[in-house]
Amino acid sequence: MIRKPGRRRAAAHALDAALDDVELASARAALAQGRWQAARTLLAHTGDDWDLRGHRVTVLALEPYCAAWANDWLLAEPDSADAAVLLALAQVRRALRGKEKAVRAREACRSAAALAPADPTPWLGLLMLEHTVGAGEEVVHLFGEVRARHPDHHHAHHLMVARLAERRADVGPDPLHEVYDFANWAAEQAPADSPLAILPVVAHAERYRVLATTGHEPPDPAASGHWTGRRARQVMKAAFDWWLEWEHEGHPRRLVDLNFLAHAKVCEGRGAEAAALFHRIGEHPTPAPWSYPDRDPYPAFRAARDTALGTA
């Protein structure tokens, strides 16, 4: 599998995984100090909003000592599904950093899934793990487990697009590549107000990452014809028109979509449309796609934003 490129030199505050979730940021700060009760309250209030729950758990799990604090919580409350899910995702993060055995992370996810059968989040953890280290068949199976519990799961669809984009990495540009079919299918299957409408744009960026990494596209995405073909223009227009109509402000990962869409508009040379998106993004850039194929994401974001807004 192709590794996701992107350097890690940007300032942490500039690439905050919590995005604009103030409650999440507060609970994360408390968890970093060992006060897991704030995470307990946060997840209890999150309930079964599965996209919000997935976002919050995966961000909390990034804390370096999250696994230790979640384990303390689980010892205090052995039947807590929230504690089990947080521990599972923390173990996944550790496994992906090479600090935990993958088998232990898998066991933790399956234990959490047994405590909360309706929750897609433990399966999201397994998908995150196998997306990086697993076989294609297992990835597809786990994606199916997530969709069985929440058919429009945002994070899971993004993971599948990134993985599918890596298939047939060496064949060069192909407008009929399967990642485009998958993204179009998912967008069509989703409700009209679902941010999965942006998924074809995500697929286009992920395929660019693969093509640029293998030398089939230039390393500067704005210099690539990948964004200006007929199919690409149709995809970008449909996604931008959807955003103008719906402006779906309540989704916890909407800023991920807006970053992908702003990046696409920059690469397409549509500065005015990009500027509108940058106004909505504010100070919440995301590593993907600004790091593609191998750039410092925050400087790339700032340069693109300054150009679009005329403040360069």
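Our structure is the block above this text.
Overview of the structure. The structure presented is a predicted model; accordingly, all values stated were derived computationally and were not measured.

1. Things to note about the environment of phenylalanine 143
Tracing the backbone through its elements, the reader meets phenylalanine 143 in helix α8 (residues 136-149). Judged by relative accessible area, which is 6%, phenylalanine 143 ranks as buried. Taking the C-alpha atoms as reference, phenylalanine 143 lies 9.5 Å from histidine 153; in sequence the two are 10 residues apart. Not counting chain neighbours up to four residues away, the residues in contact with phenylalanine 143 comprise Leu127, Ala156, His157, Met160 and Phe182.

2. Overview of the nonpolar core
Residues Leu60, Leu86, Val201, Leu261 and Phe278 are the most contacted members of the largest nonpolar core, which totals 89 residues. Excluding residues that lie within four positions of it along the chain, leucine 60 makes contacts with Leu24, Ala27, Arg28, Leu31, Ala39, Leu42, Leu43, Cys66 and Leu86.

3. Some details on the side chain of histidine 177
Along the chain, histidine 177 turns up in the loop between α9 (154-165) and α10 (178-189). The class of histidine 177 is buried, set by a relative accessible area of 0%. Of the polar contacts made by the side chain of histidine 177, one reaches the backbone oxygen of arginine 167; its length is 2.9 Å. A polar contact is formed between the side chain of histidine 177 and the backbone nitrogen of valine 179, at a distance of 3.0 Å. When neighbours within four sequence positions are excluded, histidine 177 is seen to be in contact with Leu164, Ala165, Arg167, Arg168 and Arg207.

4. Observations concerning the pattern of salt bridges
Oppositely charged side chains can form a pair if their charged atoms are brought close together. Following the criterion strictly, the structure yields 21 salt bridges and no others. Put simply, lysine 265 and glutamate 273 hold a salt bridge, and the shortest N to O gap is 2.7 Å. Comparing lysine 265 with glutamate 273, the two get one shared label, buried. Note that arginine 270 and glutamate 273 form a salt bridge whose closest N and O atoms lie 3.1 Å from each other. The partly exposed category is assigned to arginine 270, whose relative accessible area is 42%. Since its relative accessible area comes to 18%, glutamate 273 is described here as buried. Beyond isolated ion pairs, a larger network of salt bridges with shared partners links Arg167, Arg168, Asp174 and Glu178.

5. Overview of the layout of surface pockets
In this model, the second largest pocket occupies a volume close to 160 Å³. Around the second largest pocket sit 13 residues that line it, and Pro173, Pro175, Tyr180, His204 and His226 are the ones nearest its centre. Ranked by the residues each element gives to the lining of the second largest pocket, the list is headed by helix α12 (residues 230-246), at 3 residues. Counted by class, the lining of the second largest pocket contains 5 nonpolar, 4 polar and 4 charged residues.

Reading the values: rules and limits
- Residues numbered from 1 in each chain as written.
- Predicted model: local features only at pLDDT ≥ 70, side-chain atom pairs only at ≥ 80, totals over all residues.
- Heavy atoms only, no water.
- Helix = DSSP H or I, 4+ residues; strand = E, 2+ residues; numbered from the N terminus.
- Buried < 20%, exposed > 50% of the residue type's maximum accessible area, 1.4 Å probe, protein only.
- Contact = heavy atoms within 4.5 Å.
- Core = buried A, V, L, I, M, F, W, Y, C linked by side-chain atoms within 4.5 Å.
- Polar contact = N/O pair within 3.5 Å; in protein donor to acceptor, adjacent residues only side chain to side chain.
- Salt bridge = Lys/Arg side-chain N within 4 Å of Asp/Glu carboxyl O.
- 1 Å grid on protein atoms, 1.4 Å probe; cavity = no way out; pocket = protein on both sides within 12 Å on 5 of 7 lines; lining within 4 Å.
- Points joined across faces, edges and corners; volume = space filled by probe spheres on them.
- Nonpolar A, V, L, I, M, F, W, Y, C, P; charged D, E, K, R; others polar.

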